[in-house]
Amino acid sequence: MSKLDSYEDALQALRRAVEAARTARPAGDAPLGRPAVSDGGQIDPTAVAFNVFSRLLDSDGLRAALYSLLRRSDYRFVSIFRFKDGKATSVVHVDRENLAVTQASEVPDTATYCSFVRETDQPFVTADASQDSRTASHPAKDVVLAYCGVPVLQPDDGQLIGTLCFYDLIPRDPQQLDLELLLQVSSAIAQSGKVPAYPDLAA
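This is a predicted model, so every value here is computed, not measured. Here the residue index of a chain counts from 1 through its sequence in written order. Given that this is a predicted model, residues contribute local features only at a pLDDT of at least 70 and side-chain atom pairs are listed and counted only at 80 or more, while totals for whole chains, interfaces and linings are drawn from all residues. Side-chain figures throughout are based on the complete set of non-hydrogen atoms in the structure, without hydrogens or water.

1. Looking at the pattern of salt bridges
Item 1. Whenever a carboxyl oxygen of Asp or Glu lies within 4 Å of a side-chain nitrogen of Lys or Arg, that contact is scored as a salt bridge. Applying the stated rule across the entire model yields seven salt bridges.
Item 2. Linking Asp109 and Arg118 is a salt bridge whose minimum nitrogen-to-oxygen distance equals 3.0 Å.
Item 3. Throughout this description, buried means an accessible area under 20% of the type-specific maximum (1.4 Å probe, protein chains only), exposed means over 50%, and partly exposed covers the range between. You can call Asp109 buried: its relative accessible area is 13%.
Item 4. For Arg118, a relative accessible area of 27% corresponds to the partly exposed category.
Item 5. A salt bridge links Asp132 to Arg134; its shortest N-O distance comes to 2.6 Å.
Item 6. Overlapping salt bridges bring together Asp74, Asp168 and Arg172 as one network.

2. Quick notes on the sheet that holds strand β3 (residues 107-108)
Item 1. Ordered in space as β3-β2-β1-β6-β5-β4, the six strands form an open sheet in which the pairing is antiparallel. The two strands at the open ends of the sheet, each matched to only one other strand, are β3 and β4 (124-126).
Item 2. Relative to strand β2 (residues 87-95), strand β1 (residues 77-84) runs antiparallel, the two being bridged by eight bridges. Within the sheet, the bridge partner assigned to Phe83 lies in β2 and is Ala88.
Item 3. Across the sheet, helix α3 (residues 62-70) touches β1, β2 and β6 (160-168), and the angle it forms with β2 is around 70°.
Item 4. Should any heavy atoms of two residues lie within 4.5 Å, those residues are counted as being in contact. Convention adopted: a line fitted to C-alpha atoms gives each axis, helices being fitted over their contacting stretch, and angles between N-to-C directions are expressed from 0 to 180 degrees. Segments assigned H or I by DSSP are reported as helices when at least four residues long, segments assigned E as strands when at least two residues long, and all are numbered from the N terminus. Helix-sheet contacts for helix α5 (residues 179-192) involve β1, β5 (146-153) and β6, and the interaxial angle to β5 is about 40°. At least two bridges found by DSSP between two strands is the condition for calling them paired.

3. Structural notes on the pairing of β6
Item 1. In terms of residue burial, β6 counts as a mostly covered element, since eight of its nine residues are buried.
Item 2. Bridging between β1 and β6 involves five bridges; their strand directions are antiparallel. If you follow Ile80 over to β6, its bridge partner there is Leu164.
Item 3. Sheet topology note: the β5/β6 ladder contains eight bridges and is antiparallel. Residue Tyr147 lies in a different strand from β6, and its bridge partner there is Tyr167.
Item 4. Counted between consecutive antiparallel strands, the loop separating β5 from β6 contains six residues, among which Gly158 sits at a positive phi close to 75°.

4. A look at unusual backbone geometry
Item 1. Of note in the backbone geometry, Asp85 takes a positive phi value of approximately 50° without being a glycine.
Item 2. Relative to the assigned elements, Asp85 resides in the loop between β1 and β2.
Item 3. Judged by its relative accessible area of 70%, Asp85 falls in the exposed class.
Item 4. Residue Asp121 is not a glycine yet carries a positive backbone phi of 55°.
Item 5. With respect to the helices, strands and loops of the structure, Asp121 is situated in the loop between α4 (114-120) and β4.
Item 6. Of the residues examined, Asp121 reaches a relative accessible area of 17% and is grouped as buried.

5. Points about the nonpolar core
The nonpolar side chains of a soluble globular protein tend to be buried with one another.
Item 1. The definition of a nonpolar core used throughout is a set of buried Ala, Val, Leu, Ile, Met, Phe, Trp, Tyr and Cys residues joined through side-chain atoms within 4.5 Å. The biggest cluster of nonpolar side chains holds 32 residues, and the ones touching the most others in it are Phe53, Leu66, Ile80, Leu164 and Ile189.
Item 2. Elements with a contribution of two residues or more to this core: α2 (45-59), α3, β1, β2, β5, β6 and α5.
Item 3. Sorting elements by how many residues they give to this core places α5 first, with seven residues.
Item 4. Leu164 has contacts with Leu66, Val78, Ser79, Ile80, Cys148, Gly149, Val150, Val152, Leu182, Val185, Ser186 and Ile189, leaving out every residue within four places of it along the chain.
Item 5. Counting 16 residues, the second largest nonpolar core, distinct from the first, contains Phe77, Tyr147, Cys165 and Tyr167.

6. Observations concerning the state of the cysteines
Item 1. When two cysteine sulfur atoms lie within 2.5 Å, the pair is treated as a disulfide. Following the criterion strictly, the structure yields zero disulfides and no others.
Item 2. Considering cysteine sulfurs only, Cys165 is the nearest to Cys148, which forms no disulfide, with 9.1 Å between them.
Item 3. Here Cys165 is not disulfide-linked; the sulfur of Cys114 is the nearest cysteine sulfur, at 3.8 Å.
Item 4. Judged by relative accessible area, Cys165 falls into the buried class, the value being 1%.

Set out below in structure tokens:
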């Protein structure tokens with residue numbers, strides 16, 4: 001099996017898990033952490049990363065928790081995007097090259113790859129948008145080249161809150177991202193109630 005085949009299998013599994021999450025009963029007060037070491041002593045890297053994320057979410061907030069995920073990859077940006085009145089922007093944003101920047105630009109909602117996630121309620125991934133037939137007419141295809149986004153869904157009714165997305169201005173290999181981890185994180189973000197409202201950028 002090639003890397004591409006194994007990645008596509010993982011992406012399909014993530015899509016099925018997203019659909020299951022939409023119809024599942026809310027988790028209530030279930031703990032966010034999970035065992036990182038099996039009874040046989042095997043370490044689960046996904047569980048370790050998720051537990052780090054969960055602790056930072058509780059102690060330092062959503063931006064610090066997202067930075068812990070970003071450091072596991074070579075993508076430049078991680079954000080949570082929301083939509084409002086035909087526009088889209090980040091409500092939480094991390095730029096690894098300039099951590100002082102806390103806000104992405106507001107754009108028309110169709111000018112971000114997050115619109116693919118919103119339209120399908122499914123993950124959308126491109127390693128190089130300039131070479132991807134799905135993004136051939138997209139306005140960002142020559143600027144934002146790499147993107148991996150998953151939906152963040154309301155735990156009670158499965159409605160879309162926003163998107164959790166990694167992106168960059170140069171091509172990136174999406175296989176470095178742990179898709180199982182991203183799904184767990186998107187669920188934890190939704191359950192946390194810590195996703196900010198769409199910002200008033202005029203203020």
